2 protein chains.
Amino acid sequence: MSSLAELRPDALAALHGELTREYEALKDRKLSLDMTRGKPAPEQLDLAEGMLALPGNRDHLSEAGEDTRNYGGLQGLAEVRNLFAPVLGAPAAQVIVGNNSSLALMHDVHVYALLRGVPGGTKPWSKEEEIAILCPVPGYDRHFALSESFGIKLIPVPLTGEGPDMDEVERLAADPKVKAIWCVPQYSNPSGETYSDAVVERLARMKTGAPDFRILWDNAYALHHLGETRPHLANILEACAAAGNPDRPVVFASTSKVTIAGAGLAFIAASPANVRWYLDNASKRTIGPDKLNQLRHVRFLRDLDGIHAHMEKHRALIAPKFAAVEEAFERRLASHSFARWTKPAGGYFIILDVMAGTGSRVVALAKAAGLALTPAGSTHPYGKDPEDRTLRIAPTYPSLAEVKLAADAVALCTLLAACEKRMAG
Amino acid sequence: MSSLAELRPDALAALHGELTREYEALKDRKLSLDMTRGKPAPEQLDLAEGMLALPGNRDHLSEAGEDTRNYGGLQGLAEVRNLFAPVLGAPAAQVIVGNNSSLALMHDVHVYALLRGVPGGTKPWSKEEEIAILCPVPGYDRHFALSESFGIKLIPVPLTGEGPDMDEVERLAADPKVKAIWCVPQYSNPSGETYSDAVVERLARMKTGAPDFRILWDNAYALHHLGETRPHLANILEACAAAGNPDRPVVFASTSKVTIAGAGLAFIAASPANVRWYLDNASKRTIGPDKLNQLRHVRFLRDLDGIHAHMEKHRALIAPKFAAVEEAFERRLASHSFARWTKPAGGYFIILDVMAGTGSRVVALAKAAGLALTPAGSTHPYGKDPEDRTLRIAPTYPSLAEVKLAADAVALCTLLAACEKRMAG
């Protein structure tokens, strides 16, 4: 199959007819597949099945002798903070353990900043005329929706393959209205890229117009490798401290895609001043997190080796799904120069760039064939992809057989939409 | 022993000497007792020990077949909402299940109201010049601290023994700046009183200056009886709906003092509009609560009878502690007209009103003798008890033997402080 652009009208019409017949046959199969979200498959959750009977009868004391059943322990158990400190890149004293959602911690950091202000600031963010946050694109729709819901202006910044375009970030961050930047620094959601040392260094050193600028460093995929290679990600807390901006970064992570998606632990790591600030604010909200779930995690994962061994089991389950998507895209789309897709070394997503102007059509075609994809545009602030071409593919949740079907179907819809576009234009 | 006021100076001095000797002997015992907070004792937590191995291997599906391990389910599992609906006095469709802290839900209701506004309002509360909340006193220090931390003005309203002084509430609520009232309607923290039908009816019907006025109805002790009697508390959701103010109340509760203090479930019940509002806001914060802990609760408590049977076990453990405090106060203080204390039929606290002007001194004397009490004034907005006399006694956490010791010690300190005061004055 030659590239679409080279096809004469009659050959294009013939291809369109062929793809349409194939698409109708696909619809007849009445599939019901969901690739919308980065959800672990049941088999992945089964890996932590042992946790469902933990910590077990009479096992409720922490190493320090605290009764983990009772109130208190706002910062989290020491053994949990020690266990995850190397993952977060911070001393245990600078780690906070929350309940089951790191998004909730990011939300609360927004709220505390808006209603009470942050260390280094002069007033609560909600008292400013207008504030904005930098949004590397493509990015995570829930990040953008969270900031937007508080009336914070979303400013897109292109990603380069090794993090955001730092010339652009530095230019924009010089504006005092710009209070923060969203970052998913390793296996970025959804581009899969990892920030280079140079990017981390520039984020740490750059001059910001706002003295209380924050880097919201959502290291959601710190442990989530797909291949043998391990990326190098510079330590943002150390880089910022060395640059004289220790309070700039707030690091987030969770075990949602390590142990149990809906019943994991979420973490913050930050400077001592930010940790005090967060805990002071959180103390108004709760007497403490669910420490039994913390104990459950320690009993199950045991140590850093235990965490890595557990992640290997995830890798064995999901790497073939990513390979299946790549195989289908390669087979169906490689000969067409209009389509591009990522081959991530970790994380939960593949980006498929379809023909410009056809992203929404591809999603609609897939939907009509029983395949749910993340809405086109969801990777961009306000859900608006100006080129209407970037799709986020989430291959983890369906079974491998379903992923093969789904990836082939996505590729088919991509081709069909491109044909339609060429014929119309 | 005769009343202090009737004692001549020499008899007063003699009593003071006697009490001082007794107090010195108390100090020599080097006690270390904590009656500061309404914490369950380890024996109470042991009642739910079976939960530590629940839900158990391979038990992770809800009645509807949802995988409770995965993301989602923002409102909570249907079986949990059904189980607690009668406790909350709302249909299951109007119940929301959160994570382990009802205080966190109260916090988030504040935050959503402040940053986005509530149904019936015209703008976010943080956009108002000044707002205030009515605080029945004596009340719960964490309620007051939460509102105060957001710059909301705290206005005290006296409690009457059957709820707040409604003439005063109606007068104050006519001011549009007054946006809400805190209520602990049953076995109130710490006075132990339950709101009468007339009070509930007036709260539901009253004209408020703010069209988006909210009753924050923290029914924390709905199930927490100490005796055989069961109080009647009118249904605030039904009363407000009947009065044409369906969106006025937001009901909170939790299982913190039912199952596991640090790992329970928290609940909201409210009007359909308020439920939609809360869920819409919460959807920006989290993909869903910890549903495995919800399943754990259903497996353990089973049904409403199971809940009540479980609460009977709590009662058997804590009723003797309340009786021990009452016995000590009766024995030591009954002959002194200056002291008054409550004999609650439920809840977690006893109020001891000591001689006016000596509350802080009693707490200091107790502290020096190794007995930690809630700071004097903590039952009042801004921690300021104008009469310096209301102490909150929390008898649940120490063992029965310790409670006997502690109650006797509190009574001794109360008498000693009163003697000092009389001698000085």
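All figures in this text were calculated on a predicted structure; none of them were measured in a lab. (Residues numbered from 1 in each chain as written. Chains lettered and ligands numbered in written order. Predicted model: local features only at pLDDT ≥ 70, side-chain atom pairs only at ≥ 80, totals over all residues. Heavy atoms only, no water.)

Draft legend 1. Representation of the relation of the copies chain A and chain B in the model. Between chain A and chain B, the superposition needs a rotation of 180° and an axial shift of 0.0 Å, giving an RMSD of 0.0 Å. Here the transformation between the copies is reduced to the relation of a two-fold axis. Taking C-alpha positions as reference, the residue of chain A nearest the rotation axis is A:Ala53, located at 2.0 Å. Of all interface residues in chain A, 100% are interface residues in chain B too; the two copies therefore contact each other through one and the same surface. (Least-squares fit on C-alpha atoms with pLDDT ≥ 70 in both. Contact = heavy atoms within 4.5 Å.)

Draft legend 2. Spotlight on the pattern of salt bridges. Residue and element names in this part refer to chain A. According to the stated counting rule, one finds 52 salt bridges over all chains in the structure shown. When the shortest N-O distance is used, the salt bridge between Arg37 and Asp141 registers 2.9 Å. Note that Arg37 is positioned in the loop between strand 1 (33-35) and helix 2 (42-46) and Asp141 in helix 5 (residues 141-149), a separation of 104 residues in sequence. Residue class for Asp141 comes out buried when judged on its relative accessible area of 19%. Through salt bridges that share partners, Glu22, Glu327, Arg331, Arg332 and Asp408 make up one connected network. (Salt bridge = Lys/Arg side-chain N within 4 Å of Asp/Glu carboxyl O. Helix = DSSP H or I, 4+ residues; strand = E, 2+ residues; numbered from the N terminus. Buried < 20%, exposed > 50% of the residue type's maximum accessible area, 1.4 Å probe, protein only.)

Draft legend 3. Here's a closer look at the sheet that holds strand 10 (residues 350-353) of chain A. Residue and element names in this part refer to chain A. The strand order across the open sheet built from 3 strands is 9-10-12, with neighbouring strands paired in antiparallel fashion. The sheet terminates laterally at strand 9 (340-341) and strand 12 (390-393), the two strands that pair on one side only. Where strand 9 and strand 10 come together, 2 bridges link them in antiparallel fashion. Looking at the pairing, Arg340 lines up with Asp353 of strand 10. (Pairing = 2+ DSSP bridges.)

Draft legend 4. Quick look at the nonpolar core. By size, the foremost hydrophobic cluster in this structure holds 68 residues, and its most contacted members are A:Ile268, A:Tyr278, B:Ile268 and B:Tyr278. Filtering out sequence-adjacent residues up to four positions away, A:Ile268 remains in contact with A:Gln94, A:Val95, A:Ile96, A:Leu105, A:Val109, A:Val250, A:Val251, A:Phe252 and A:Tyr278. (Core = buried A, V, L, I, M, F, W, Y, C linked by side-chain atoms within 4.5 Å.)

Draft legend 5. Up close: the packing of aromatic side chains. Residues and elements named next belong to chain B. Overall, the coordinates contain 13 aromatic pairs over all chains when judged by the stated rule. Centre to centre, the rings of Phe84 and Phe267 are 4.5 Å apart; their planes meet at 35°, and the pair counts as tilted. With Phe84 in helix 3 (residues 78-88) and Phe267 in strand 8 (residues 266-270), this residue pair connects regions lying 183 residues apart in the sequence. A single burial state applies to Phe84 and to Phe267, both of which are buried. (Phe/Tyr/Trp six-rings, centres within 6.5 Å; stacked < 30°, edge-to-face > 60°.)

Draft legend 6. Summary view of the sheet that holds strand 12 (residues 390-393) of chain B. Pairing in this open sheet of 3 strands is antiparallel, and the strands run 9-10-12 (chain B) from one edge to the other. Each edge of the sheet is formed by a strand with only one pairing partner; in this case those strands are strand 9 (340-341) and strand 12 of chain B.

Draft legend 7. View of the interface of chain A and chain B. In this assembly, 60 residues from chain A lie in contact with 60 residues from chain B. Of the roughly 4800 Å² buried between chain A and chain B on both sides combined, carbon and sulfur atoms contribute 52%. For chain A, the biggest contributors to the area lost against chain B are A:Arg69, A:Tyr71 and A:Arg285; these three give 17% of the whole. Applying the counting rule to chain A against chain B returns 10 salt bridges. (Buried area = accessible area lost by both parts, 1.4 Å probe.)

Draft legend 8. Inspection of the pairing of strand 7 (residues 249-254) of chain A at higher detail. All names here are of chain A. Taken across its 6 residues, strand 7 has 6 buried, putting it largely inside the fold. Burial along strand 7 is two-sided: Pro249, Val251 and Ala253 and Val250, Phe252 and Ser254, pointing in opposite directions, are all buried. Once the chain exits strand 6 (residues 214-218) it traverses helix 8 (residues 236-242) before rejoining the sheet at strand 7, and the crossover so formed is right-handed. With 5 bridges connecting them, strand 7 and strand 8 (residues 266-270) associate as antiparallel partners. Note on strand 8: the bridge partner recorded for Ser254 is Ala266. (Right-handed = clockwise from strand over helix to strand, strands pointing away.)

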